[in-house]
Amino acid sequence: MSGFTPDEMMTVAAARALRDGAVCFVGIGLPSTAANLARRTHAQNLVLVYESGTIGAKPDRLPLSIGDGVLADTAVSVVGVPEIFNYWLQPGRIDVGFLGAAQLDRFGNINTTVVGGDYHHPGVRLPGAGGAPEIAASCREVVVVVRQSRRAFVERVDFVTSFGFGSGPGEREALGLTGAGPRLVITDLGVLRPDPRTCELVLTQVHPGVDPEAVRERTGWDLEIADDLGRTEPPTDRELAVLRELTR
Amino acid sequence: MSGFTPDEMMTVAAARALRDGAVCFVGIGLPSTAANLARRTHAQNLVLVYESGTIGAKPDRLPLSIGDGVLADTAVSVVGVPEIFNYWLQPGRIDVGFLGAAQLDRFGNINTTVVGGDYHHPGVRLPGAGGAPEIAASCREVVVVVRQSRRAFVERVDFVTSFGFGSGPGEREALGLTGAGPRLVITDLGVLRPDPRTCELVLTQVHPGVDPEAVRERTGWDLEIADDLGRTEPPTDRELAVLRELTR
Amino acid sequence: MAAIAPLAEAVAHVVRDGDTVAFEGFTHLIPFAAGHEVIRQGRRDLTLVRMTPDVLYDQLIGAGCARKLVFSWGGNPGVGSLHRFRDAVEHGWPRPLELEEHSHAGMANRYVAAASGLPFAVLRGYTGTDLPAQTANISSVTCPFTGEVLTAVAALRLDAAVVHAQRADRHGNVQLWGITGVQKEAVLAASRSLVTVEEVVDELDPRPGAVVLPSWVVDYVSVAPGGAHPSYAHDYSVRDNDFYQAWDGISRDRDRFAQWLEGVA
Amino acid sequence: MAAIAPLAEAVAHVVRDGDTVAFEGFTHLIPFAAGHEVIRQGRRDLTLVRMTPDVLYDQLIGAGCARKLVFSWGGNPGVGSLHRFRDAVEHGWPRPLELEEHSHAGMANRYVAAASGLPFAVLRGYTGTDLPAQTANISSVTCPFTGEVLTAVAALRLDAAVVHAQRADRHGNVQLWGITGVQKEAVLAASRSLVTVEEVVDELDPRPGAVVLPSWVVDYVSVAPGGAHPSYAHDYSVRDNDFYQAWDGISRDRDRFAQWLEGVA
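Rules used in this analysis
Residues numbered from 1 in each chain as written. Chains lettered and ligands numbered in written order. Predicted model: local features only at pLDDT ≥ 70, side-chain atom pairs only at ≥ 80, totals over all residues. Heavy atoms only, no water. Pairing = 2+ DSSP bridges. Helix = DSSP H or I, 4+ residues; strand = E, 2+ residues; numbered from the N terminus. Phe/Tyr/Trp six-rings, centres within 6.5 Å; stacked < 30°, edge-to-face > 60°. Buried < 20%, exposed > 50% of the residue type's maximum accessible area, 1.4 Å probe, protein only. Lys NZ or Arg CZ within 6 Å of the ring centre and 35° of its normal. Contact = heavy atoms within 4.5 Å. Buried area = accessible area lost by both parts, 1.4 Å probe. Salt bridge = Lys/Arg side-chain N within 4 Å of Asp/Glu carboxyl O. Nonpolar A, V, L, I, M, F, W, Y, C, P; charged D, E, K, R; others polar. Polar contact = N/O pair within 3.5 Å; in protein donor to acceptor, adjacent residues only side chain to side chain. Expected span 1.5 Å × (residues − 1). pLDDT = per-residue confidence, 0-100.

Note: strands within a sheet are paired through backbone hydrogen bonds, in either parallel or antiparallel orientation. Residues and elements named next belong to chain B. Spatially, the 3 strands line up as an open sheet ordered β7-β6-β11, and their pairing is mixed. At either end of the open sheet lies a strand with only one pairing partner, and these are β7 (110–111) and β11 (153–154). Judged from the 2 bridges that link them, strand β6 (residues 103–105) and β11 form a sheet pairing that is parallel. Pairing of Leu104 across the sheet is with Phe153, part of β11.

Below, the structure written as structure tokens:
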């Protein structure tokens, strides 16, 4: 087996999180790469839904934007943007929502709005919410894919763009959210899962060659490590070959 | 000029009420016949909108139902039924709504629901509302086409399916209705218009050969006759020829 | 993923006694074959839902399948009354029929709300009419921004939706075109769904104006060529207007209707 | 009836100083040519509206046309930040930019409400997020049937909407296909509208997935072949991804941007 990069491991791990036949709401970038990898490997019947209105797209190359023409050309159905949110996302028809994050906190809340300063005078102005708040709310479960760093993994996000578990257990239910929220956070170092009791993200799995302490060092809160810490299987030859074909 | 029937006169008079370029929400039956006659005579740019979702249909024959395939085949656009009501009718984009009636009262209210008895034990059960309540409310103006009889033209409708002027002046405005309501009632005997002060329907025009007193006899309230009572021009040869070609 | 199954089997799975069920279609693509199978299977106590109940609903009502009708316009399009419907409402034959009555705009928005996973929809509707007094499913709501009072209608959730379409592919993706009505909304508003189709094809090549229902929101697909007759399937068949005319005579008379009903069973 | 007019004339009629204006498009069919004409005409104090403000909005903001931005995702798709947008927000250059920020679902429903002639729309949205605290246009509404509390968003009425489409016919009926986004809603939400098209044809033969805007809801149609570049027009052109990459470098630097801007005028 040839070597692989941490990003490749992250993408492969994200792809593996998608079961065959699932309906997946996909953002551009890593989520789209992972979903398209899954569809070419173990999950041939994965249904890709993009917020641009394409349902069941089967792109023969990686779309370069959320509105790439290849998505419309290969979709089972193309609908308008209001419909994709109102008829397809909102009622809970989507199994898995795939999100990225600029900041993510210990309770799985996501910030893609502003970092530093205050809202009106931000240190860094990020792109904003896009479809994420409702993806995080309405999908049966959410998978977050994000590179691990102290800057990204913070005690408390500066701005809640998309709700994870708020400040802890019971908050999603109290707000009437029907989706289960973040089930997995997949990084370039390992996998975090919410503790079912506390809703706090716990390191449950590390990628090959990764020291769990190194993960703690790249986390902005006192990261808990699961007793039965798992180790990710390295990418198979086939996974790597398909991924590299996709992204070359 | 050959003879013509009262129904032919009614249809021709209704067609003439449509100005060229108007956007017209059309029901099946007499309204559709009249609108298609208008489009073939003086109003070639009349835009026909049917509640089945066809916008700008140019049927080459009379559609036999509101969902006739010829409407979809010849339309500028075919949209779903929710869209036709929400995006096209509701915001007031339609100039003229064309309605029929089983009962019509002196204030232009329309009943197509039940006649006699009470709602739960009706003497006659009619088809119901269809698109009419919102057509009557939201079109810039409404034209009613109905054969004149004491049974149809009543003091007060048994059930208000579609709102005209309620009990008189100011009621439409108080209810927040933006459309002007019934502007014309075209029958097989003549034309009624609401008095601008009282909102009561007044006979303003009789068709050729019709005695105004005969109209009063076929009206279930004490019908007022306008001082400057007009007389409808008989159908032209061309109007009759086109109408008979349409309906044969 | 939709299962492709024979009509009788699919109807048995999808339509159950006591269900709230819509056989939708706006003149076009009315699922007559599926409705007749419901009559054959002797379903009872159905709450029938449709914007434009026409001859198929007259048949289901006359056959005694229905307890209640939720609708906005009940007639024989271009012909006149539905006599079985009227007999049920006016004389309680073969059994009384409870009515819940709306406008088209109200019904369409009730489906939209259900398809959207919302409990209600907002519209400008029913204003000044006697309709709201007859049902609890029409109310009002105040705009939190302008204070304006608007009409609210309750979402119309269905147990089952049955529609007819031109085609499905072998995965059960469904394609319909022409006048597409509220079929998508009805299927998305339902817990269970059945689509009868003219044919199953290898590939759904794109068609102008087509609505596509992905396989994963459809439970059953059944092949029923001509299954919309006497209604029509755009590009497959034309409307049998003679039958709609003939139905007026058949349905006026309880005996003639009984005779027709025997032909279905 | 839409008037078919040269781009400069149409833009002058449709987009005025102080307007609330959307140049809509979801990656596809972005009306760059019309936006550049707005820059040339020196429009000021615009409230720019769009779900996905991208490079065109970076250009309009950098050129000083905008006072405010109403949006849900502002980035260079697949590349990164919008540097002119960030410079305006973070440093007030060339002038401060007021923001009103939503989610995609909220923005889409705000357009739908406006296109429907309603003052607000209902959705399940923004729940638990910090977004509602930043704008008065997100509120709540209680279902009159179930008592459930839902999110309400204010209708997004526009003074002007500008979109790009593949084709129009000589009557001014407009046809667009591929990813159709919220262009129909934007045009229907606006008091004035302009559609730039790749070409005017004698007849709009039906296309799968096409949205058609009837001539009578469009004010101006202007022929602008390639008018979506560096975005694309499905079946006419492909997205110039290299330009989007290059924009990152151009827009990072005020001088390089100023140089680019000279090329527009």
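Another aspect to go through is the packing of aromatic side chains. Applying the stated criterion across every chain yields a total of 22 aromatic pairs over all chains. Between Trp177(C) and Tyr236(C) the ring centres are 6.3 Å apart and the planes differ by 55°, which places this aromatic pair in the tilted class. Placement of Trp177(C) in the loop between β10 (174–176) and α6 (183–188) and of Tyr236(C) in the loop between β13 (220–223) and α7 (241–252) is noted, with a sequence separation of 59 residues between them. Judged by relative accessible area, which is 30%, Tyr236(C) ranks as partly exposed. When the ring of Phe243(C) is compared with that of Trp247(C), the centres are 6.0 Å apart and the planes differ by 25°; the resulting orientation is stacked. Residue Phe243(C) and its partner Trp247(C) are located together in helix α7, separated by 4 residues, close to a single helical turn. Judged by its relative accessible area of 19%, Phe243(C) is buried. Through a chain of ring-to-ring contacts, three or more aromatic side chains come together here, namely Phe243(C), Trp247(C), Phe257(C) and Trp260(C). Here the basic side chain of Arg239(C) rests over the ring of Tyr244(C), its NZ or CZ set 3.7 Å away from the ring centre. The ring of Phe257(D) has Arg84(D) lying over it, and the distance from NZ or CZ to the ring centre is 5.7 Å.

A few words on the interface of chain D and chain A. Each side of the interface is counted separately: chain D has 44 residues, and chain A has 40 residues. When chain D packs against chain A, the two sides together hide about 3,300 Å² of surface, and 61% of this comes from carbon and sulfur. With its nearest N and O atoms 2.4 Å apart, the salt bridge here joins Arg125(A) to Glu101(D). The set of elements that each furnish at least two residues to the side of chain D that touches chain A consists of α4 (83–91), β5 (98–101) and α5 (104–115) of chain D. It is α5(D) that provides the largest number of residues to the side of chain D that touches chain A, a total of 5 residues. Of the residues assigned to the side of chain D that touches chain A, the class counts are 17 nonpolar, 20 polar and 7 charged.

The next subject is the interface of chain C and chain B. Taken together, the 44 residues of chain C in the interface contact 40 residues of chain B. Between chain C and chain B, the buried area comes to about 3,300 Å², and carbon and sulfur atoms account for 61% of it. Its largest share of buried area at the contact with chain B, chain C owes to Thr127(C), Gln134(C) and Ile179(C), together 16% of the area lost on that side. Applying the counting criterion to the chain C and chain B interface returns 1 salt bridge. The tally of links between chain C and chain B comes to 18 residue pairs in polar contact (both at pLDDT 80 or more). Looking at the side of chain C that touches chain B element by element, the count peaks at 5 residues for helix α5 (residues 104–115) of chain C. The residue makeup of the side of chain C that touches chain B, split by class, is 17 nonpolar, 20 polar and 7 charged.

With that out of the way, let us pick up α5(D). Over its 12 residues, α5(D) extends 16 Å from the first C-alpha to the last, a length consistent with the 16 Å expected when each residue adds 1.5 Å. Immediately downstream of α5(D), the backbone of Gly117(D) shows phi near 70°, a positive value.

This part covers the pairing of strand β15 (residues 224–231) of chain A. Here strand β14 (residues 201–206) of chain A runs beside β15(A); their pairing, made up of 4 bridges, is parallel. Looking across to β15(A), one finds that Leu203(A) is bridged to Ile225(A).

All names here are of chain D. Counting buried residues in helix α3 (residues 55–62) gives 8 out of 8 residues, a clear majority hidden from the surface. All of the buried residues in α3 are Val55, Leu56, Tyr57, Asp58, Gln59, Leu60, Ile61 and Gly62. One or two steps after α3, the chain reaches Gly64, where phi turns positive at roughly 80°.

This paragraph deals with the confidence of the model for chain C. Summing up the model confidence of chain C, the mean pLDDT is 97 and the portion of residues at 70 or higher is 100%. Scored by ipTM, the complex comes to 0.97, with pTM at 0.98.

Another point: unusual backbone geometry. Here the bond from His229(C) into Pro230(C) is cis, since omega is 10°, no more than 30 degrees from zero. A cis amide bond links Trp93(D) to the next residue, Pro94(D), at an omega of 0°. Here Pro94(D) shows up in the loop between α4 and β5. The backbone phi angle of Asp235(C) is positive, close to 75°, even though this residue is not glycine. With respect to the helices and strands, Asp235(C) occurs in the loop between β13 and α7.

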